[in-house]
Every structure is written in C-alpha cells, then in structure tokens.
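A structural walkthrough
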Amino acid sequence: MMNDLSAENIQEALRHVDSGMFGAHIHYYPQVGSTNDILRVMAEQGAPAGTLVVADEQTSGRGRMGRTWTAPPRTSLLMSVLFRPLLHPAQAHRLVMVVGLAAARACEAAVRLRVDVKWPNDLQIERKKLAGILPESAIEGDTLTWVIVGIGINVNTQFEKEHPLSEHATSLAMATGHVVHRATLLALILQQMHQWYGQPYESTLSTEWQQRCVTLGQRIAVSTPQGRLIGTAEALDEHGALWLRADDGSRHYLTIGEATIASQGSISA
Ligand code: BTN
C-alpha cells in the first residue's frame, strides 16, 4: 500500500482546511518510539502551543494504565498535540474533549457512521474501540505548563478473527469496507480541533461529550487502581470524572479506570 501519510500529503491536505495553530508546526516521522515522548522533549524545549507530532509507526507506543499501544505501519493515525492552556490542572480533561470530539466529528464526516465516547476517553463505533487517548501534563503551582494529548486511531487496520483484539476493536475501514486516506482525515481533525478549541467549555464541549458518552446510564464494571467496582454509571462531571452508583447503594467518584458495559443486565468481562 502507498504511504498516504507522508509529510507532502499532509501539507497538501492542509491546504484545503483552516486548522489555525494546529497546522503551523507539524513534525511527521515514518517511525518513532512514542509520539507523546517526542513531543514531551519538544515541549520542554519551548515548542509553541499547537505543535503536532505525527508518526506512521511507533516502536514503543503507550496506552493508558501502563499498557502498550501497537499498530502496524500504514494503518493508523498516531499523533500527539501540544497545548499550553491557561487552565487549572483539574481542568486538563477539557483538552481530551477537544481532541476526542474533533476526532469523532472528523471520523463521522469521513465514514458517515456514528462515533461514541466510552468513559473515560475512548472512541467507539458500534461498541468497538476505534481510538484511544492518552493525556499527559506538566504542572507548576496552580497552572498547567503544558498538556500533551496523544491519540491513536485505527483507520485502515484489519483485526482478523484470530487477532486478540478482534472482539473489542474496530477501524474505519472495517466498519465501512473502505480505505480512508489518513492525511485527509488528519487535516479534517485539525480543522475540527481549531473550531473546538475556541468554544466555551460549559455550553458546548462538555454537552457534546456527554451526549456522545455511551457509558452513561449503563450498568458497568470498572477496573480501578483500587479494585473492581460494579454498578450504574450515573453522571459525568465537568472534569470528565464518573459518578458510579454501586450495587450496595454507595456512590463512587472515579477519575481513572477501565469500564466494561454489561449486556442485558450481566457483567461478563
Ligand atoms: C489507550 O486507549 O490506552 C490510549 C492509547 C493512546 C495511543 C496514542 S498513539 C499516539 C500517542 N503516542 C503514544 O505513545 N500513545 C498515544
């Protein structure tokens, strides 16, 4: 397959959109360890807000909760975005929403299928994982010095039946049967990010995030660093945290974790 994500293809695709600061400093690499790690070094050396690191392949891609993130070359969008926001550290989740909603809207426009959010920050199509988001930040006193939001999107990945992730993961190509041009999708995402970054948080970002969140109202099991909890996902707060009503009636405030949605009233995973 040709490389649809070269530096030239990205520049060409960007000519057709208004991506503001997100199109101004793009570093493309055929292969890196982790785009989050490359961007962290740049952030510490003073790279401007909006700087983007995109790679065709990662040799040590990282997921949430200490997991690895693997993706064959030529299949995915693997990228990290640098923010230097005037926000309190507790508000950093807004930037996950900016990137997540931008990716959700752009993917929807590309394939005309609904993209959902699964708490805390996965994107799904038809209950299967399409993308994962990994935010990292540096804090000084009461302010965020920088926030890096890394996102990995399964664009043209094929998870064959024998693949360990095939039951839980999908890609745009698997969901539609069509190959999607990654540079064009990237440009659409950056255009959406530019739009979302300017939006007031309360009225738009968090409303759309909650509307897309399939976890809300569901009976779920959540693995947390403190152990496993089962109950109903009652609400999301403005920091992206989840209120879970456990079966014994107790209420839990969860900022991180991995949720499994029960089907027909049973928890299977
Ligand atoms: C998850 O669902 O666990 C989050 C996965 C995040 C993967 C992306 S790929 C680009 C960026 N660089 C990394 O090393 N990880 C994120």
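Now for a quick tour of the structure. Being a predicted model, the structure only gives us computed values, none of them experimental.

For the rest of this paragraph, the subject is the pattern of salt bridges. Should the charged atoms of two oppositely charged side chains come close, the side chains can pair. According to the stated counting rule, one finds 16 salt bridges in the structure shown. Across the pair Asp-56 and Arg-74 runs a salt bridge, and its minimum N-O distance is 3.8 Å. Within this pair, whereas Asp-56 is found in strand 2 (residues 52-58), its partner Arg-74 is found in the loop between strand 2 and strand 3 (76-83), the two being separated by 18 residues in sequence. Residue classification places Asp-56 among the buried positions, given a relative accessible area of 5%. One salt bridge in this structure joins Arg-62 and Glu-136, with 2.7 Å as the shortest N-O distance. You can see Arg-62 sitting in the loop between strand 2 and strand 3 and its partner Glu-136 sitting in strand 6 (residues 128-140), a full 74 residues away along the chain. According to the relative accessible area criterion, Arg-62 is partly exposed, its value standing at 32%. Residue class for Glu-136 comes out buried when judged on its relative accessible area of 16%. Through salt bridges with shared partners, one network takes in Asp-4, Asp-56, Arg-74 and Arg-182.

Turning to the site of the ligand, a few remarks are in order. Neighbouring the ligand are 21 residues; Ser-34, Gln-58, Arg-62, Arg-64 and Lys-129 lie closest to it. Here a nitrogen atom of the ligand sits 2.7 Å away from a polar atom, N or O, in the main chain of Arg-62. Between the ligand and the protein, one listed contact pairs an oxygen atom with a backbone N or O atom of Arg-64 at 2.6 Å. About the coverage of the ligand: the protein hides 99% of its 410 Å² of free accessible area. With respect to the pocket detection grid, the ligand is positioned in the largest cavity. No other element matches the four residues that strand 6 contributes to the shell around the ligand. In terms of residue class, the shell around the ligand is made up of six nonpolar, ten polar and five charged.

Rules used in this analysis
- Residues numbered from 1 in each chain as written.
- Predicted model: local features only at pLDDT ≥ 70, side-chain atom pairs only at ≥ 80, totals over all residues.
- Heavy atoms only, no water.
- Salt bridge = Lys/Arg side-chain N within 4 Å of Asp/Glu carboxyl O.
- Helix = DSSP H or I, 4+ residues; strand = E, 2+ residues; numbered from the N terminus.
- Buried < 20%, exposed > 50% of the residue type's maximum accessible area, 1.4 Å probe, protein only.
- Near = heavy atom within 4 Å.
- Polar contact = N/O pair within 3.5 Å; in protein donor to acceptor, adjacent residues only side chain to side chain.
- Areas by Shrake-Rupley, 256 points an atom, 1.4 Å probe, with all protein chains shown as cover.
- 1 Å grid on protein atoms, 1.4 Å probe; cavity = no way out; pocket = protein on both sides within 12 Å on 5 of 7 lines; lining within 4 Å.
- Sits in = over half its atoms within 2 Å of the grid points.
- Nonpolar A, V, L, I, M, F, W, Y, C, P; charged D, E, K, R; others polar.

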